[in-house]
Amino acid sequence: MKLSIRKLLIRISTAEGIVGTRLDFEQKLNIIHAPNTMGKSICVNGIIYALGLEGMISASPDPPFGSAMTDTIVVGDQSRAVLSSEVLLEIANEEGTVATVRRAVAGKENRHLVSVWDGAIISNPDAGITQKDYFVRVGGAAQHEAGFHHWLASFIGWKLPMVPTFRDEDVPLYLECIFPLCVIEQKRGWAGFLSRIPTYLRIRDVAERAVEFLLALDAYQNSIARQKLREEQARIKGEWQNTLTAVSTAARLINGVVVGMPAEPASLWPPQPGPQLVVPEGDKWISARQGLQSMRAALRTLQEQAPEGNGNRIAELQTELRTAEQQLRRDEYVLDQNLTELEQQREALGNVNRRLAAIEQDLRRNKDAKRLRQFGSMLPLHVTQGECPTCHQAVQDTLLSQTIDAAPMSLDDNIGFIESQKATYLAMRQNTLRLVAAKEARFEAQNARVENIRRNIRGLRQTLTGERAPVEREIRQRLQIEEWIENAEKTLGEFDEKLQRFGELSKRWNTVLSAIKALPEDDLSGDDIAKISALEKSLRQQLVEYKFRSLPPDSLSISRDTFRPEHEKFDFEVNNSASDLIRMIWAYVNGLLETARSFSTNHPGLLIMDEPKQQSAHRADLGTFLRRLTLAGQHGQQIIITTSEEDDTFGQLIANLDCKVLDFDGKILGPLTTG
Amino acid sequence: MPEDVFRIPELAVPITFQRRPISIPGDLRPHWQIGVVLLILWNSRKAKASLQKVHIMNWAVRDAERRAALSGYIDGEVGPEDVVVRYEPGLDRALRFAVAEGLVAVVKTNELQLTPKGSEIVQQIEAADCLQPEKHFLKEMGSRASEKRMKALLRLESLI
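Parameters and conventions
Residues numbered from 1 in each chain as written. Chains lettered and ligands numbered in written order. Predicted model: local features only at pLDDT ≥ 70, side-chain atom pairs only at ≥ 80, totals over all residues. Helix = DSSP H or I, 4+ residues; strand = E, 2+ residues; numbered from the N terminus. Buried ≥ 20, exposed ≤ 12 C-beta atoms within 10 Å, placed from the backbone. Contact = placed C-beta atoms within 7 Å. Axes fitted to C-alpha atoms, helices over the stretch in contact; angles between N-to-C directions. Parallel < 35°, antiparallel > 145°, perpendicular 65-115°, else oblique. Nonpolar A, V, L, I, M, F, W, Y, C, P; charged D, E, K, R; others polar. Pairing = 2+ DSSP bridges. Left-handed = near helix turned anticlockwise from the far one by under 90°. Expected span 1.5 Å × (residues − 1). Arc of directions from axis to C-beta. pLDDT = per-residue confidence, 0-100. Core = buried A, V, L, I, M, F, W, Y, C linked by C-beta atoms within 7 Å.

Peer 1: Describe the overall build of chain B, listing the residues and the values that go with them.
Peer 2: Assigned secondary structure in chain B consists of 8 helices and 3 strands. Seen in sequence order, chain B has helices and strands lined up from the N terminus as α-α-β-α-α-α-β-β-α-α-α. Counting every position in chain B, which comprises 160 residues, the buried fraction comes to 35%.

Peer 1: Report on the overall build of chain A, specifying residues and quantitative values.
Peer 2: Helix and strand content of chain A: 15 helices and 21 strands. Across the 675 residues that make up chain A, the buried fraction comes to 34%. Sequence separation of at least 24 residues holds for 68% of the intrachain contacts in chain A that already meet a minimum separation of 6.

Peer 1: Hey, could you go over the packing of helix α3 (residues 51-60) of chain B against helix α8 (residues 147-154) of chain B for me, with residue numbers and the actual values?
Peer 2: All names here are of chain B. Relative orientation of the contacting elements α3 and α8 amounts to 75°, with a least axis distance of 10 Å. Classified by the interaxial angle, the pair formed by α3 and α8 is roughly perpendicular. Of the residues in α8, those touching α3 at Gln52, Lys53 and Ile56 are Glu147, Met150, Leu153 and Leu154. The class makeup of the residues in the contact of α3 with α8 is 4 nonpolar, 1 polar and 2 charged.

Peer 1: Break down the sheet that holds strand β13 (residues 276-281) of chain A for me, citing the residues and quoting the values.
Peer 2: Residues and elements named next belong to chain A. With antiparallel pairing, the 3 strands of this open sheet are ordered in space as β12-β13-β14. A single partner strand is all that each edge strand has here, and the edge strands are β12 (257-259) and β14 (284-287). Along the sheet, successive strands turn relative to each other by an average axial angle of 45°, direction set aside. Where β12 lies against β13, 3 bridges are found, and the strand directions are antiparallel. Within the sheet, the bridge partner assigned to valine 257 lies in β13 and is valine 278. Packing against the sheet, helix α6 (residues 219-252) makes contact with β12 and β13, and its axis sits at approximately 135° to β12. Packing against the sheet, helix α7 (residues 288-304) makes contact with β13 and β14, and its axis sits at approximately 90° to β14.

Peer 1: Explain the pairing of β13(A) residue by residue, including any values.
Peer 2: In the sheet, β13(A) pairs with β14(A) via 4 bridges, with the strands oriented antiparallel. Of the residues in β14(A), the one forming a bridge with A:Val278 is A:Ser287.

Peer 1: Describe the interface of chain B and chain A, with residues and values.
Peer 2: In this complex, chain B contributes 31 residues to the contact, which on the side of chain A involves 33 residues. Elements supplying a minimum of two residues to the side of chain B that touches chain A: α2 (30-42), α5 (89-100) and α6 (116-127) of chain B.

Peer 1: Residues and numbers for the pairing of strand β4 (residues 72-75) of chain A, please.
Peer 2: All names here are of chain A. Taken together, the 4 bridges between β4 and strand β5 (residues 78-93) define a ladder with antiparallel strand orientation. Bridge pairing links valine 74 to serine 79 in β5. Linking two consecutive strands that pair antiparallel, namely β4 and β5, is a turn of 2 residues; a positive phi of about 65° is found at glycine 76 within it.

Peer 1: So what's going on with unusual backbone geometry? Residues and values would help.
Peer 2: Cis rather than trans, the peptide bond between A:Trp269 and A:Pro270 has omega equal to -5°. Structurally, A:Pro270 can be placed in the loop between β12 and β13. If you check the backbone angles, A:Arg202 has positive phi at about 60° while not being a glycine. A positive phi angle, near 55°, is found at B:Lys46, a position not held by glycine. As for its position among the elements, B:Lys46 is in the loop between α2 and β1 (48-50). Residue class for B:Lys46 comes out exposed when judged on the 9 C-beta atoms lying within 10 Å of it.

Peer 1: Before we move on, can you summarise the packing of α2(B) against helix α7 (residues 132-141) of chain B with the specific residues and values?
Peer 2: All names here are of chain B. The interhelical angle for the contact between α2 and α7, taken along N-to-C directions, is 20°, at an axis separation of 9 Å. For the element pair α2 / α7, the angle class is roughly parallel. Pair α2 / α7 crosses with right-handed handedness. Across the interface between the two elements, Val36, Leu39 and Ile40 of α2 pack against Glu134, Lys135 and Leu138 of α7.

Peer 1: How would you summarise the environment of A:Phe166 if you had to cite specific residues and measurements?
Peer 2: With respect to the helices, strands and loops of the structure, A:Phe166 is situated in the loop between β9 (162-164) and β10 (170-172). Separated by 38 residues in sequence, A:Phe166 and A:Arg204 have C-alpha atoms that sit 5.8 Å apart. Ignoring sequence-local partners within four residues, the contact set of A:Phe166 consists of A:Arg202, A:Arg204 and B:Asp129.

Peer 1: So what about α5(B)? Which residues, and what values?
Peer 2: Residues and elements named next belong to chain B. Between its first and last C-alpha, α5 extends 17 Å over 12 residues, near the 16 Å set by a 1.5 Å rise per residue. The complete set of buried residues in α5 reads Leu91, Ala94, Leu95, Phe97 and Ala98. Along α5, the residues classed as buried sweep out an arc of 160° about the axis, all on the same side. Buried positions along α5 lie against α2, α3 and β2 (104-107).

Peer 1: Tell me about the sheet that holds strand β20 (residues 659-663) of chain A, residues and numbers included.
Peer 2: Residue and element names in this part refer to chain A. The parallel open sheet is built from 5 strands, whose spatial order is β11-β18-β19-β3-β20. Since the sheet does not close on itself, it has two edges, and those belong to β11 (183-184) and β20, each with one partner. Here 5 bridges tie strand β3 (residues 29-33) to β20, and the two strands are oriented parallel to one another. For isoleucine 32, the partnering residue across the bridge sits in β20 and is leucine 662.

Peer 1: Lay out the confidence of the model for chain A with the relevant residues and their values.
Peer 2: Keep in mind that low pLDDT regions are not for reading the predicted coordinates in detail. For chain A, the mean per-residue pLDDT works out to 86, and 95% of the residues sit at or above 70. For chain A, per-element mean pLDDT is lowest for strand β17 (residues 570-571) of chain A, which scores 70, and highest for strand β18 (residues 606-609) of chain A, which scores 95.

Peer 1: Describe the nonpolar core, with residues and values.
Peer 2: With 108 residues, the main nonpolar core has A:Ile47, A:Leu89, A:Ile178, A:Ala210, A:Ile585 and A:Val589 as its most contacted residues. Counting residues per element, this core draws most heavily on helix α12 (residues 578-598) of chain A, which supplies 11 residues. If sequence neighbours within four positions are ignored, A:Ile585 has contacts with A:Ile184, A:Trp190 and A:Phe193. Counting 45 residues, the second-largest nonpolar core is a separate cluster that includes B:Val36, B:Leu70, B:Ala98 and B:Leu103.

Peer 1: Just give me the short version of the confidence of the model for chain B, but keep the residues and values in it.
Peer 2: Residue and element names in this part refer to chain B. Residue-level pLDDT values for chain B average 86, and 96% of them are 70 or greater. When pLDDT is averaged over each helix and strand of chain B, the minimum, 58, is found for helix α1 (residues 2-5) and the maximum, 93, for α3. Scoring the predicted complex yields pTM 0.58 and, for the interface, ipTM 0.81.

Peer 1: I'd love a proper account of the environment of A:Ile654, names of residues and values included.
Peer 2: Relative to the helices and strands, A:Ile654 is located in helix α15 (residues 647-654). In sequence terms A:Ile654 and A:Gly623 are 31 residues apart; their C-alpha atoms lie 7.8 Å from each other.

Peer 1: Quick rundown of the environment of A:Ser559? Include the residues and the values.
Peer 2: Residues and elements named next belong to chain A. Within the fold, serine 559 resides in the loop between β15 (556-558) and β16 (565-567). Distance in space between the C-alpha atoms of serine 559 and phenylalanine 570 is 8.8 Å, their sequence separation being 11 residues. Once you skip the residues sitting within four places of it in the chain, serine 559 turns out to touch Arg564 and Glu566.

Below you can see the structure in the form of structure tokens.
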């Protein structure tokens, strides 16, 4: 994986001739030295623009240049109108293949086109080489065959991973998101740590994805695998619940319920005691198989009884009617009670659901508050550090009156606290759901019983008043029992069949669980950890050399989650030391480059920094930094930086430094004689 | 026999009480509330809003029923008497923090506006996966919740 910049050519066409500059870079540290406002940033932005990467500076569709490239350019003391302008860049990759790219800035030509020649046409304009046009900065430029970033990625040797956005679509990790780790431009690149990784593309955790990609960490693949396994888990859970619902619905047919069946996939199958289908008998629940036996026995008794005549049975029937009427009153009373209990359980379920919704909302808000705190740490807020922004006294992390004499929980504790509440209520809901189902079954069973007695009483009355023959009543009883037996046999068969299904699901569940267990805990492979440790070591070492003062460098580490520097598990925060922020950026981006020297990564071996001497960074520290950067040359890496140091101090800075200096006294852009 | 209680050895120890940190509802966390304030201003015209409007939006954004009520009022489907706005004292504290942090500036006596620093943070909030229902609602309300309509609501004027 390598990208190196060999030559940059900027051409501005005016009525009075062509103006511009041509810079030749070498495969080591290159320093562009010129006073301020003389066009250094045009050169760096020219490289960014030629590579179609201006999206990393801003989402704006305008080229990242001032009026010199688009409107009027001052040459000497004469203002010339710009007719058209363009940027050409000669680049090479790991295999030494050279290509030249050209993109128009001003003029009639389409700015969304980049012309690519497969050869060095800046050095040798007459080489007979083929040219092809690619489109850039429009949808699909990273994925489509004819897209420039598609071409550039394969030129560098990159295979861009697909990453999820906040809209839950998968998009390629755009080049605009990767290059801010190798190119620090002047306008905003130094304003914050990794502040130039664009967020407007709406890629989730984009900075993490970019570092992961650049260091070629396995973590991302692992996290995708984990995600897939989670989805499979959810699928199995869904199937389990559907099967359970099907079984429970079937059981209703014979007024039965399923007991002992776990509501969620169980890894231990079959559970002990085993799941059972139970049916009501009087006031107790008995197993459906038992119920089936006793019903069969009852049927046999009925079949053996010979139908009798009416004659002397009147008294007997009257007694039976009285008993049945008493039984009906008792059963109706029980039914009423059952209904009350059912309603109470349903009410309880409603309460639990309402409480759960409130807990969910609170949990979401606390999590949001936690995420928002992290934004505060990019731009330091006093509230995040528990300090009043006005009087700098300690404040508590709450909007309740500060005088209330109780400390609020820390956000993490609070989230944990709510999560445990949620777990309790989820368990309560599970339990209440089971109770509701049981009460419903009980109510329906009782209802069926009451119906039965009523029908029996009606039949007895009709028999007594002579409307029906007694034999009819017995036949009806037999039919009812026969129907129940038929249903029960069917349901039991279905139940056994479904038990097998649960067995299969349980097996799949176990496979998924063990696959999840096999993944490294924080998704980082052994290689990943070695790379991060190397980056961490380089970062600490550099910070010591550059005299970083905000924190002891040894107390800093690289987060295994976000890959950002952190201090005692908290994201690195710069407190009032802008120059230490600059040192941190130096050490981090160069640390990535140094890590790429001893590990296989996707780093292009290129680092471009526009004016690294920002803020009040000391000249001595810049000197140390430059010396360390010269190491790049020994490893075939390339660094391009710009500086506006005063001439005399610049001489001291680069004395004995193995670097190529592109020195300008005045404007970098001047009349171009050739080409 | 109360003394008998102390024959149980486990209970015959001095009882001490320890003050534990208390759980705070998420919407009373300064960061949550400041985030919502920034989003309200961000979705207002010129990133500017009166204190009253911030209070109304802050009241409405908090749950689905209120969101529906305010939306219904603006569409002229619900009368102002059905939109009972409650002032949240925590909001005033959050505003004071936000102003002191330089995220929000007071322009005129009664008007709040995002500062450049505030809009930088709010753009990060927009891009990140947080405050989803809040963002969705505020974006949808956008310019529909104009100052004029908010004043009308407070004067109990109907928009029908």
